[in-house]
Amino acid sequence: MNGGFEPNNMTNLDTVVRSRSVVKSESSYKMDDNDGVKVMSVVENDDVIIKSIPNEALRSDEEQGVDNRGSGRKRVAPYPVSNVAFHAEMTVTGTVVKGSPLVYNHEVLDHGDGYSATDGMYLVPESGTYVITWTTVTYHDFAQTFLIVNGERRGSSMTDSHAVTDVHQATMIVVLTLNEGDHVSIRVGTLGHGTIHTSDINSKPTFSGWKLYGTQ
């Protein structure tokens, strides 16, 4: 800082002004007395870009009674950060059996201890809003898959390489509210033929999810 002035409440000033995408880190502040009225100038490259800032700007949003939720200015997440997440891969090519659950046998990570590599079931450890995503791979085959929560279909995906000799993959993402103890899995749908393909060279089917935040 230069210009001979440093506001007593500099942190709040920086937050207020920077949130308006006006002041850069190398900007300087200068305070003048104009007929007894305090006037602040913000200077960049010898140019005054803001002539005055009301004294209210030097006060925190909380002191002013300002509610920034949804305004784009609030920098603190409104919910606690969650560490619940899981990711699993299918390392064995499996036959497409309509209506059968898919088992992703290689557990890569499981923060929250909710996933079972034995039956492919995810038991939700905490209530909240989750992102669930899965990838299905076929080679000269086709397969429809469903996201199943407590026996109910909550999402669907389709990959089809039956007409061509090629590897196709499809990825689906679903955002939904889940409760502690819910059962989440991927199941083969009513359409399918051949195998679910996996390869270290091409691609592997995966099943993943993470908690965005808890319910309030």
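Owing to the predicted nature of the structure, the values given are computational and were not obtained by experimental measurement.

### Quick word on the overall build of the protein chain
Part 1 of the argument: When you go through the protein chain residue by residue, the secondary structure sums to two helices and 14 strands.
Part 2 of the argument: Taken over 216 residues, the protein chain has a buried fraction of 39%.
Part 3 of the argument: Contacts spanning at least 24 positions in sequence make up 64% of the contacts within the protein chain whose residues lie at least 6 apart.
Part 4 of the argument: Working note: accessible area of the protein chain is about 12,400 Å², and carbon and sulfur atoms make up 47% of it.

### Focus: the packing of aromatic side chains
Part 1 of the argument: Under the counting rule described, the total for this entry stands at five aromatic pairs.
Part 2 of the argument: For the cation-ring pair, R153 lies above F146, with the distance from its terminal atom to the ring centre recorded as 4.4 Å.

### Quick word on the sheet that holds strand β11 (residues 167-178)
Each strand in a sheet pairs with another by means of backbone hydrogen bonds, the pair being arranged parallel or else antiparallel.
Part 1 of the argument: Taken in spatial order, the five strands of this open sheet run β6-β4-β14-β8-β11, and their pairing is antiparallel. On the outer flanks of this sheet lie β6 (106-111) and β11, each paired with one strand and no other. The average angle at which neighbouring strand axes cross in this sheet is 10°, direction not considered.
Part 2 of the argument: Relative to β6, strand β4 (residues 85-89) is paired through five bridges, and the arrangement is antiparallel. Looking at the pairing, A88 lines up with E107 of β6.

### So, a nonpolar patch on the surface
Part 1 of the argument: A grouping of I173, V175, W210 and L212 is seen on the molecular surface, where their side chains present a nonpolar patch of about 380 Å² in accessible area.
Part 2 of the argument: Elements supplying a minimum of two residues to the nonpolar patch: β11 and β14 (206-213).
Part 3 of the argument: Within the secondary structure layout, I173 lies in strand β11.

### Focus on the environment of G128
Part 1 of the argument: Residue placement: G128 occurs in strand β8 (residues 128-139).
Part 2 of the argument: Taking relative accessible area as the criterion, G128 reaches 0% and is therefore assigned buried.
Part 3 of the argument: Sequence separation between G128 and W210 is 82 residues, and the spatial gap between their C-alpha atoms is 9.9 Å.
Part 4 of the argument: Those residues in contact with G128, other than ones at most four positions away along the chain, are L176, T177, L178, K211, Y213, G214 and T215.

### Some remarks on the pattern of salt bridges
Part 1 of the argument: The tally for this structure, following the rule as stated, stands at two salt bridges.
Part 2 of the argument: A salt bridge links E126 to K211, with the shortest nitrogen-to-oxygen separation between them at 2.7 Å. Here the residue E126 occupies a position in the loop between β7 (122-123) and β8, and K211 occupies one in strand β14, the gap between them amounting to 85 residues.
Part 3 of the argument: According to the relative accessible area criterion, E126 is partly exposed, its value standing at 34%.
Part 4 of the argument: Taking the relative accessible area as the measure of exposure, K211 reaches 11% and is therefore buried.

### Things to note about the nonpolar core
Part 1 of the argument: The biggest cluster of nonpolar side chains holds 24 residues, and the ones touching the most others in it are Y104, Y122, I132, L178, V184 and F207.
Part 2 of the argument: Elements supplying a minimum of two residues to this core: β4, β8, β9 (142-149), β11 and β12 (183-193).

### Describing unusual backbone geometry
Part 1 of the argument: Although it is not a glycine, D113 sits at a positive phi angle of roughly 55°.
Part 2 of the argument: For D113, the position within the fold is in the loop between β6 and β7.
Part 3 of the argument: Backbone geometry at N150 places phi at a positive 55°, although glycine is not the residue there.
Part 4 of the argument: Mapped onto the secondary structure, N150 falls in the loop between β9 and β10 (152-160).

### Quick look at the side chain of S100
Part 1 of the argument: Here S100 is to be found in the loop between β5 (94-95) and β6.
Part 2 of the argument: Of the polar contacts made by the side chain of S100, one reaches the backbone oxygen of V97; its length is 2.6 Å.
Part 3 of the argument: Each residue touching S100, except ones within four places of it in the same chain, is listed here: I186, R187 and V188.

Rules used in this analysis
Residues numbered from 1 in each chain as written. Predicted model: local features only at pLDDT ≥ 70, side-chain atom pairs only at ≥ 80, totals over all residues. Heavy atoms only, no water. Helix = DSSP H or I, 4+ residues; strand = E, 2+ residues; numbered from the N terminus. Buried < 20%, exposed > 50% of the residue type's maximum accessible area, 1.4 Å probe, protein only. Contact = heavy atoms within 4.5 Å. Areas by Shrake-Rupley, 256 points an atom, 1.4 Å probe, with all protein chains shown as cover. Phe/Tyr/Trp six-rings, centres within 6.5 Å; stacked < 30°, edge-to-face > 60°. Lys NZ or Arg CZ within 6 Å of the ring centre and 35° of its normal. Pairing = 2+ DSSP bridges. Axes fitted to C-alpha atoms, helices over the stretch in contact; angles between N-to-C directions. Patch = residues over 30% accessible without salt bridge, like charges linked within 9 Å, V, L, I, M, F, W, Y side chains within 5 Å. Salt bridge = Lys/Arg side-chain N within 4 Å of Asp/Glu carboxyl O. Core = buried A, V, L, I, M, F, W, Y, C linked by side-chain atoms within 4.5 Å. Polar contact = N/O pair within 3.5 Å; in protein donor to acceptor, adjacent residues only side chain to side chain.

From the geometry alone we can't say anything about function, so treat these as descriptive.
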